[in-house]
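Structural overview for review
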Amino acid sequence: MESANRLKQQEYGAIERAPQPRNMIENSMFEEEPDVVDLAKESPSYPIDTDDVVYEPRSSRLLVRGLGENDLDEDEEDYESSARLLGMSFMNRSSNQRSAASSYIRQHYSGSCSMPSTKTMVVGVVVLVLVASMLMVLYFLLGCNFTTAGCQKTNSTMDSIYPNSTNGELFPWADLRLPCSVHPVHYNITLHPDLTIMTFQGSVSILVQVLNETKNIVLHSSDMNIIKATFDGKEVHFLEYKPWQQIAFKFPEDLKKGQYVLNIRYTANLSSSYDGFYNSSYVDTNGIKRVLAATQFEPLAARKAFPCFDEPAFKSTFTIKMTRESKYISLSNMPKVITTDLKNGLEEDEFEKSVNMSTYLVAFIVADFISVSKNVSKTKVSVYAVPDKKEQVQYALDTACKLLEFYNSFFKNEYPLSKLDLVAIPDFLAGAMENWGLITFRETTLLVGSNSSAIDKQLVTSVIAHELAHQWFGNLVTMQWWNDLWLNEGFATYMQYMSIESVFPGLDIDTEFLNVRFKALAKDALNSSHPVSTVVSTPEQVEEMFDSVSYEKGASILLMLNATLTDGEFQKGVTQYLQKYKLSNTKSENLWNSLSQVSKQNLSVSEMMNTWTVHKGFPLVTVKRSGTQVTLTQEHFLLNAENSTDDSLWHIPLTYVSDKCSVLSSCKQVFHLKEKTATLKLPDQVKWLKFNVRSDGFYIVHYDEEGWKDLIGALKEDMNVLSCKDRAALINNIFALSRSGKVSFRQVLNLMDYIRNENETAPVTEALFQLGQIYRLLDKRSELNLASRMTSYIEDHFGSLMENQSWDLETSVSKMTLRSALLEMACSLNIRNCTTQAKHLFDQWFTSNKTSQIPSDLMRTVFKVAAQTDEGWGKLLDMYKHSINDPEKHKTLEALASTQDVWKIIWILQKSLDGSEIQTQEFPLVINTICKSFAGYLYAWDFVKENWDKITQKFSVGSFAIQSIIMSATSQFSTKTHLVEAQNFFSSLGTKGSQMRIVQEAIETIKLNMRWMENNLNTLQSWL
């Protein structure tokens, strides 16, 4: 899926990193700008058992400053009082919130008992013998479980106890993973959605292969009313275990090896969330509500549309038939074969038999869309959208065709299907989803209007490039299990940047990829991070794999590997990998082995890259130079390394340049650091060394006192002795080192002295991002004097550059990225005449009926300034309700959420969660934007706490949306009060909330903020 990175940058941020594309586009839609977030495929899978909540705010709270008085209704007063006062309001959940896996209750007895009679003892012995016998039978009957590696592993302990199914009978399977004794071969699926009452009828005929004799067939099914099931023509009884979304068919005798047919007829409601087969709607330009049905199955929601073996390794072929009203069209993965008139206004579309694929890639849509098409080689490429937006599809079509041609050539394996559809869904949570042959997108990530800027096109191009790369990495070759999700997402993220750099060099995607690497480093420096390839068991853990580590770190280590290999070895190895494993499943080792086989270097790719996928985090390399002798030491870099005993070692392909030669690509030297400490002998004396050239390696570098002094001196004398990427990397690294306590903040400010002369996009945007984070921390702590001095510091170092920015139309992506970051910072801090200029531009644009154009890259900045007045906010709200230009609409929503007015903050929180006037898919963005301002961040935090059950009904636990909501609401806390409040709230959530990795990250981040403030407030007082 498209993650959210790219979206983060572009859509979220005043003082955020430059826009990043697709990764996390799938997920990215919720963060500060930039992943092309498959950023996250959001598919709420396992529902949460909600409990009655008693929410009792503490009677005394600490007053905070700056909140306006408004006449509010009762509900709004609750939110106002809750956020107005820094309080502790915790959710007290009832004790019946328990693990889904627990079907048994441990009995607690009193501490005393009487001596049993002889008769009782004899009966007890007999019972014990019977129980032991039953346990022995269970032990020998338990079959194969999927393991991380796949089939087969036999249960070797007696820990597994069969749970009770819904009718009270024992369910014949005791694992979240399905048994591997039965494998699907082909599905015939027939569906009939009713878009009036939002239900659907379905039937599935599954041809199964029994690989090992068994008495049971176990598969997935969720939220379905199964009417009838037959097995080889005979009606059969089924059992259901809802907590694991499994159904089972038990047979009196072992099924012999061979093929059988399982038929299931069922009904279900179209999902009201964003996963499974769900209903969606939009209002057209005539004010008429239109409805449609679409799918989002990754990772665990195909089972909500049809009973199936819903794990990536159970690949199969599919034939789909869809009954629909004649006013709609239907789409699926494969081309349509025939349409049959069923009379009564109904028609049935039948689609070709699919290629072998995993269930999460199956897709179908019923809607009233229009399309444009073009042929590329043997493939018909089409882009679909609602009729009102037919003028916005051409850019996506042209872009998809060019990228498809690139991938066909690069992979030397042509796209195998005869059609490729790209569909803009009006109500879609993820950034995009790579369904084979039927890629679905948010409208924002596919449609481009006539006034869209090159930055808007960069985002769309990134998402398309990411999803098309998935047609090979993920679809043609699929990871064996979700623990290796990075094989899908990391590769697609890397290929999106590589392909755009080749096909669309003017989009300046290289700078965007640098921001992505910085983002990944920041997340991976936390104790709460995880290895690229890690153990995944529960549904929540599967959801949590769609994060920065799988997407951005995965892409970053592939860049490092490609930069290490030579003579096109990376492309050769990838091509060999795809050819060898096409239409099957793989593990990380399969990729490394393919690359090792083509490499002519004295280098074991497997040995090197395993250190990057198995270990959590990344290394800090410390450089100490004495003459021509350089001592290099590596250690696990953690922002909080207290009590850390990690002795992990990485195989690091260190790169470096010196004052002798530093800018040309030929200047780069390589040294492989495998041990804890090593010595590098230089051929000549040098004035300075800079390691990790262009930040192509996934590590950061610390220099001794003289090393930093020499580099800072070189920059002050002539900053062009280093490339702009290297300068940006120095800024990024020294802020990270300061946060970890390895360098003082005085050293940071010393380096930043050179920035007054800087005018390149990468270093300026990185510096603004880092300083913006500090400003927001100071602001949220009400350190008003220091916040004001930080504003003065920013104006002193960047004021001239801000003042020199043009407000006219610009064509260069790099220049647009630079000025949008500078002017958004200037207007948010009220520096120079920024807000005056923005107000003038907005008024001119609005009074001219939008004929006097606002440059698209400045639209968010201008709209945010306008939103600070009642009149401007009202105009923007009206625009939001009626606009059909998605980039403009998205920026308008950000502006609306940036208001400082309490009533408006409460209104937009409520409307975005209930979906009445703002689509619920935008709720994470709304939370993110509101939390950037002092006026709104406490309201947003209290709103999240008080509406947690509603939120987790909309977005699944562990999903990228939930990750974004939690981090947005808590990442700027830096006081003991807020730490305790967050800890108590999250611990009250029970097993399906408190154990989320993102909760650990949130708590760790608050502690880091507290420590940084404690260590640096005095320095800021002295030096700012």
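Definitions and limits used
Residues numbered from 1 in each chain as written. Predicted model: local features only at pLDDT ≥ 70, side-chain atom pairs only at ≥ 80, totals over all residues. Heavy atoms only, no water. UniProt positions renumbered as here; feature names shortened; annotations may be inferred. Helix = DSSP H or I, 4+ residues; strand = E, 2+ residues; numbered from the N terminus. Buried < 20%, exposed > 50% of the residue type's maximum accessible area, 1.4 Å probe, protein only. Areas by Shrake-Rupley, 256 points an atom, 1.4 Å probe, with all protein chains shown as cover. Contact = heavy atoms within 4.5 Å. Phe/Tyr/Trp six-rings, centres within 6.5 Å; stacked < 30°, edge-to-face > 60°. Lys NZ or Arg CZ within 6 Å of the ring centre and 35° of its normal. Pairing = 2+ DSSP bridges. Axes fitted to C-alpha atoms, helices over the stretch in contact; angles between N-to-C directions. Parallel < 35°, antiparallel > 145°, perpendicular 65-115°, else oblique. Left-handed = near helix turned anticlockwise from the far one by under 90°. Nonpolar A, V, L, I, M, F, W, Y, C, P; charged D, E, K, R; others polar. Disulfide = S-S within 2.5 Å. pLDDT = per-residue confidence, 0-100. Core = buried A, V, L, I, M, F, W, Y, C linked by side-chain atoms within 4.5 Å. Salt bridge = Lys/Arg side-chain N within 4 Å of Asp/Glu carboxyl O.

As annotated in an unreviewed UniProt entry, the protein is Leucyl-cystinyl aminopeptidase isoform X2 from Cyprinus carpio. Checking UniProt for the protein, the heading Sequence similarities (unreviewed entry) contains the comment "Belongs to the peptidase M1 family." For the protein, the Subcellular location (unreviewed entry) comment in UniProt is given as "Endomembrane system".

Section: the overall build of the protein
The helix and strand inventory of the protein stands at 30 helices and 35 strands. Burial status across the protein gives 62% buried among its 1024 residues. When the accessible surface of the protein is summed, it comes to about 38,100 Å², and 49% of that surface belongs to carbon and sulfur atoms.

Comments concerning the environment of glutamate 169
Tracing the backbone shows glutamate 169 in the loop between β6 (150-154) and β7 (182-194). When sequence neighbours within four positions are dropped, the list of residues in contact with glutamate 169 reads Pro163, Asn164, His237, Leu239 and Lys250.

Some details on the packing of aromatic side chains
Inspection of every chain in the model, using the stated rule, returns 54 aromatic pairs. Measuring from centroid to centroid gives 4.7 Å for phenylalanine 231 and phenylalanine 251, while their planes differ by 50°, and the two rings are tilted. Here the residue phenylalanine 231 occupies a position in strand β10 (residues 225-231), and phenylalanine 251 occupies one in strand β13 (residues 246-255), the gap between them amounting to 20 residues. Taken individually, phenylalanine 231 and phenylalanine 251 each receive the classification buried, so the pair is uniform in this respect. Of note, arginine 517 hangs over the ring of phenylalanine 513, and the distance from its end group to the ring centre comes to 4.8 Å. Between lysine 780 and the ring centre of tyrosine 937, over which it is positioned, the NZ or CZ distance is 5.4 Å.

Re the pairing of strand β21 (residues 364-367)
Every second residue of β21 is oriented toward a common face, with Phe364 and Val366 on one face and Ile365 and Ala367 on the other, all of them buried. As paired elements, strand β18 (residues 329-332) and β21 share four bridges and run antiparallel to each other. Considered in β21, the bridge of serine 332 is made with phenylalanine 364.

Some details on the packing of helix α11 (residues 569-581) against helix α12 (residues 588-598)
At a minimum axis separation of 8 Å, α11 and α12 run at an interaxial angle of 130°. Taken together, the axes of α11 and α12 are oblique relative to one another. Here α11 runs over α12; the crossing is right-handed. Packed against α11, whose contacting residues are Glu569, Phe570, Lys572, Gly573, Val574, Gln576, Tyr577 and Tyr581, the element α12 presents Asn590, Leu591, Ser594, Leu595, Gln597 and Val598 at the interface. Here the residues of the contact of α11 with α12 are counted per class, giving seven nonpolar, five polar and two charged.

What about the state of the cysteines?
Counting across every chain of the model gives two disulfides. The residue that forms a disulfide with cysteine 661 is cysteine 667, at a sulfur-sulfur distance of 1.7 Å. Around the S-S axis, the bridge from cysteine 661 to cysteine 667 shows a dihedral of about -60° and counts as left-handed. The partly exposed category is assigned to cysteine 661, whose relative accessible area is 31%. Across the disulfide, cysteine 827 is cross-linked to cysteine 834 (sulfur-sulfur distance 1.9 Å). Between cysteine 827 and cysteine 834, the S-S dihedral sits near -90°, and the bridge is therefore left-handed. With relative accessibility at 10%, the residue cysteine 827 sits in the buried group.

Quick word on the packing of helix α7 (residues 486-503) against α12
Remark: α7 packs on α12, axes separated minimally by 10 Å, with the N-to-C direction vectors making an angle of 50°. In terms of axis orientation, α7 runs oblique to α12. Across the interface between the two elements, Trp486, Leu487 and Phe491 from α7 touch Ser588, Leu591 and Trp592 from α12. Among the residues forming the contact of α7 with α12, the class breakdown is five nonpolar, one polar and no charged.

Re the UniProt feature "binding site: Zn(2+)" (unreviewed entry) in the protein
Per the UniProt record, "binding site: Zn(2+)" (unreviewed entry) is found at His466, His470 and Glu489. For the annotated residues, spread through 24 residues, the largest C-alpha to C-alpha distance comes to 8.6 Å, consistent with a single compact locus. Accessibility expressed as a relative area gives 0% for histidine 466, which makes it buried. Along the chain, histidine 470 turns up in helix α6 (residues 454-470).

Thoughts on the sheet that holds strand β22 (residues 370-376)
With mixed pairing, five strands are arranged side by side in an open sheet as β22-β23-β24-β26-β25. Each end of this open sheet is capped by a strand with a single partner; those strands are β22 and β25 (432-433). Here β25 runs beside strand β26 (residues 438-442); their pairing, made up of two bridges, is antiparallel. Among the inter-strand pairings, methionine 433 is bridged to a residue of β26, identified as threonine 440. The sheet contacts of α6 involve β24 (419-425), β25 and β26, and relative to β26 the element is tilted by about 150°.

Brief notes about the confidence of the model for the protein
In this model, the protein carries an average pLDDT of 86, and 84% of its residues clear a pLDDT of 70 or more. pLDDT under 50 marks residues 3-15. Its contacts with residues more than four places away, or in other chains, come to 150 contacts. Note on residues 17-25: pLDDT under 50 across the span, and 126 contacts to partners over four residues away in sequence or across chains.

Re the nonpolar core
Counting residues in each nonpolar core, the largest one holds 324 residues, and the members touching the most others are Phe306, Phe691 and Phe798. For this core, the element with the most residues is helix α5 (residues 394-411), which contributes eleven residues. Sequence-distant contacts of phenylalanine 798, defined by excluding residues within four places in its chain, comprise Met752, Ile755, Val764, Ala767, Leu768, Leu771 and Leu822.

Focus on the sheet that holds strand β20 (residues 346-351)
Read from one edge of the open sheet, eight strands run β11-β10-β14-β8-β7-β17-β20-β19, paired in mixed fashion. The outermost strands of the open sheet, each flanked by one partner alone, are β11 (234-235) and β19 (336-343). For β10 and β11, the ladder comprises two bridges, and the chain directions are antiparallel. If you follow threonine 230 over to β11, its bridge partner there is glutamate 235.

Quick notes on the pattern of salt bridges
Side chains that differ in charge, positive against negative, can pair when their charged atoms come close. Summed over all chains, the structure comprises 40 salt bridges. Its salt-bridge partner being aspartate 796, residue arginine 756 comes within 2.5 Å of it at the nearest N-O pair. With arginine 756 in the loop between α16 (745-752) and α17 (761-780) and aspartate 796 in helix α18 (residues 784-803), this pair connects stretches of sequence that are 40 residues apart. Judged by its relative accessible area of 45%, aspartate 796 falls in the partly exposed class. Here the salt bridges do not stand alone but share partners, grouping Arg324, Lys336, Glu347 and Asp349 into one network.

Re the pairing of strand β30 (residues 629-636)
Residues Val630, Leu632, Gln634 and His636 line the buried face of β30, whereas the alternating positions Gln629, Thr631, Thr633 and Glu635 sit on a face that is not buried. Sheet topology note: the strand β29 (residues 619-626)/β30 ladder contains eight bridges and is antiparallel. By the bridge assignment for β30, threonine 622 is matched with threonine 633. Between β29 and the antiparallel strand that follows it, β30, lie two residues; glycine 627 among them carries a positive phi value of about 70°. Inspection of the sheet shows β30 paired to strand β33 (residues 677-681) by five bridges, in the antiparallel sense.

Quick word on the environment of leucine 178
One can find leucine 178 in the loop between β6 and β7. On the basis of relative accessibility, which here comes to 0%, the residue leucine 178 falls in the buried class. As a C-alpha pair, leucine 178 and leucine 219 span 41 residues in sequence and 6.7 Å in three-dimensional space.

Focus on the environment of leucine 342
On the secondary structure map, leucine 342 appears in strand β19. Residue class for leucine 342 comes out partly exposed when judged on its relative accessible area of 37%. Considered as a pair, leucine 342 and threonine 323 are 19 residues apart in the sequence and their alpha carbons are 8.6 Å apart. Here leucine 342 is in contact with Thr323, Glu347 and Glu348, once residues within four sequence places are set aside.

Quick word on unusual backbone geometry
In this structure, proline 299 follows glutamate 298 across a cis peptide bond, with omega equal to 5°. For aspartate 567, which is not glycine, the phi dihedral falls at a positive 55°. Among the structural elements, aspartate 567 can be located in the loop between α10 (548-564) and α11. Assessed through its relative accessible area of 64%, aspartate 567 is described here as exposed. One non-glycine residue with positive phi stands out, namely arginine 832, at about 55°. In this fold, arginine 832 is placed in the loop between α19 (813-828) and α20 (834-847). The exposure class assigned to arginine 832 is partly exposed, which follows from its relative accessible area of 36%.

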